[in-house]
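# Residue-level structure breakdown
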Amino acid sequence: MLLRTLIRRNLTSYTNPVALRCFSTSSHLTDKPLPPRLKINDTDLTVSYLKGTGPGGQKINKTNSAVQLIHKPTGLVVKSQATRSRSQNEKIARQLLADKVEQLEKGDQSRTAIKVDRARKKKASKMKKSRRKYRELEKGGEELQEQEGFDDADGEQGSQGLARDTPPNVAPDGSMEQKQDK
């Protein structure tokens, strides 16, 4: 019975237009999508498969799983040995080559340049937010110190204020007090 009423309440809240408001302020929804990756013709490429080097043991050293792509019009060379699979390495090499060619052709308007610019702006925004936060914390600490200073200046500093700052066996006039046993 309780479950039915909860379900009914939840269903009615979803039909309420006020409940459907989006409270997200994330910027990734407002950003423009990245431009599509540059397509490279297979006729412009020279593909060669090489033996891998480095860590990975006998499997890497014996098989031709590393891929080297040469873009004939620009002369760019890309080599990929990220995985043990030849097809995955070729796919990765094609993506790297497309990014390099696009960077060479378009410059600041390329896909990689846009990604770097977005990351730089995001980092700058994060740093600005952090500086703002610490500035507000610093202001809060200064206001707290000022309030403590005003409390002492309101006339409470008499003998009680001095007694707070001095050890218990020193009188407010500075002389040593004698303890009396009762």
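Each chain has its residues counted from 1, following the order in which its sequence is written. A pLDDT threshold of at least 70 governs which residues receive local features in this predicted model, and a stricter bar of 80 or more applies before side-chain atom pairs are shown or counted, although totals over entire chains, interfaces and linings include all residues. Side-chain numbers come from the whole structure's heavy atoms, not from hydrogens or water.

### Quick word on helix α3 (residues 86-106)
Runs of H or I in DSSP of at least four residues are treated as helices and runs of E of at least two as strands, each being numbered from the N terminus. In a helix, the anticipated span is given by 1.5 Å times the number of residues less one. Helix length check: α3, at 21 residues, gives a terminal C-alpha distance of 30 Å against a target of 30 Å (1.5 Å per residue), a fit within 8%. Think of it in three bands: residues with accessible area under 20% of the maximum for their type are buried, residues over 50% are exposed, and the middle band is partly exposed, with areas taken using a 1.4 Å probe on protein chains only. Along α3, the residues that are buried comprise N89, E90, A93, L97, A98, D99, V101 and E102. Backbone geometry just downstream of α3 places G107 in the positive-phi region, at approximately 70°.

### Points about the environment of K72
Position of K72 among the secondary structure elements: in the loop between β2 (66-71) and β3 (77-80). Sequence separation of K72 and L45 is 27 residues, and the distance between their C-alpha atoms is 6.0 Å.

### A short note on the nonpolar core
Formed by I40, L45, V67, L69, V78, A93, L97, A98 and V101, the largest nonpolar core amounts to 9 residues. Counting residues per element, the ones that place at least two in this core are β2 and α3. In terms of residue count, α3 provides more of this core than any other element does, 4 residues in total. Apart from residues no more than four positions distant in its own chain, L69 is found in contact with T46, V47, L76, V77, V78, E90, A93, R94 and L97. Only buried residues count toward a nonpolar core, which is a set of Ala, Val, Leu, Ile, Met, Phe, Trp, Tyr and Cys residues joined through side-chain atoms within 4.5 Å. In this description, contact between two residues means that some pair of their heavy atoms is separated by no more than 4.5 Å.

### Some points on the sheet that holds strand β1 (residues 45-50)
Two strands form a pair only when DSSP identifies at least two bridges running between them. Ordered by their spatial adjacency, 3 strands build an open sheet running β1-β2-β3, and the pairing between neighbours is antiparallel. The sheet terminates laterally at β1 and β3, the two strands that pair on one side only. The sheet shows a mean angle of 15° between the axes of neighbouring strands, direction not considered. Relative to β2, β1 runs antiparallel, the two being bridged by 6 bridges. Note that in β2 the partner of V47 across the bridge is L69. Orientation is described by lines fitted to C-alpha atoms, with helices fitted over the stretch in contact, and by angles between N-to-C directions that extend from 0 to 180 degrees. With respect to the sheet, α3 is in contact with β1, β2 and β3, its orientation differing from that of β2 by roughly 30°.

### A short note on the confidence of the model for the protein
Summarising the model, the protein shows a mean pLDDT of 76, and 65% of its residues fall at 70 or more. Counting interchain partners and residues more than four positions distant, the pLDDT-below-50 stretch residues 157-164 has 7 contacts. pLDDT measures the predictor's confidence residue by residue and takes values from 0 up to 100.

### Examining the pairing of β2
Here β2 runs beside β3; their pairing, made up of 4 bridges, is antiparallel. Bridging from a neighbouring strand, I70 pairs with V77 of β3. Where β2 hands over to β3, the hairpin turn is made up of 5 residues, of which G75 adopts a positive phi near 80°.

### Some remarks on the packing of aromatic side chains
For this analysis, a ring pair means two rings from Phe, Tyr or Trp (six-membered ring only for Trp) whose centres lie within 6.5 Å, classed as stacked if their planes differ by under 30 degrees, edge-to-face if by over 60, and tilted for the remaining angles. Tallied over the full model, the rule gives 0 aromatic pairs. When the ring centre of Y49 is taken as reference, the NZ or CZ atom of R86 above it lies at 4.2 Å. We count a charge as sitting over a ring when the NZ of a lysine or the CZ of an arginine lies within 6 Å of the ring centre and within 35 degrees of the ring normal.

### Focus: the side chain of R111
One can find R111 in helix α4 (residues 111-165). For the charge count, each Lys or Arg is scored as positive and each Asp or Glu as negative, with His and the chain ends excluded. Criterion for a salt bridge: a side-chain nitrogen of Lys or Arg within 4 Å of a carboxyl oxygen of Asp or Glu. Although R111 is buried, it forms no salt bridge, and the closest oppositely charged side chain is D99 at an N-O distance of 4.8 Å. Two N or O atoms form a polar contact when they lie within 3.5 Å of each other; inside protein one atom must be a possible hydrogen donor and the other a possible acceptor, and for residues adjacent in sequence the pair counts only when both atoms belong to side chains. At 2.6 Å, the side chain of R111 and the backbone oxygen of P35 are in polar contact. Discounting residues that sit within four places of it in the chain, R111 has contacts with L34, P35, P36, R37, D99 and E102.

### Comments concerning a positive patch on the surface
Two joining distances apply to patches: 9 Å for like charges and 5 Å for nonpolar side chains (Val, Leu, Ile, Met, Phe, Trp, Tyr), and every residue must have over 30% relative accessible area and no salt bridge. Here the open area of atoms and residues is found with the Shrake-Rupley method and a 1.4 Å probe, where only the protein chains shown may cover a residue. All charge positions are set by atom: Lys at NZ, Arg at CZ, Asp at CG, Glu at CD. Together, K128, K129, R131, R132, K133, R135 and K139 make up a region of like positive charge exposed at the surface. In this structure R135 comes out as partly exposed when scored by relative accessible area, which is 47%.

### A short note on the environment of S85
Along the chain, the position of S85 falls in the loop between β3 and α3. Assessed through its relative accessible area of 25%, S85 is described here as partly exposed. Once the C-alpha coordinates of S85 and T63 are considered, the two residues, 22 residues apart in sequence, prove to be 9.9 Å apart. Looking at S85, its side chain comes within polar contact range of the side chain of S87, at 3.2 Å.

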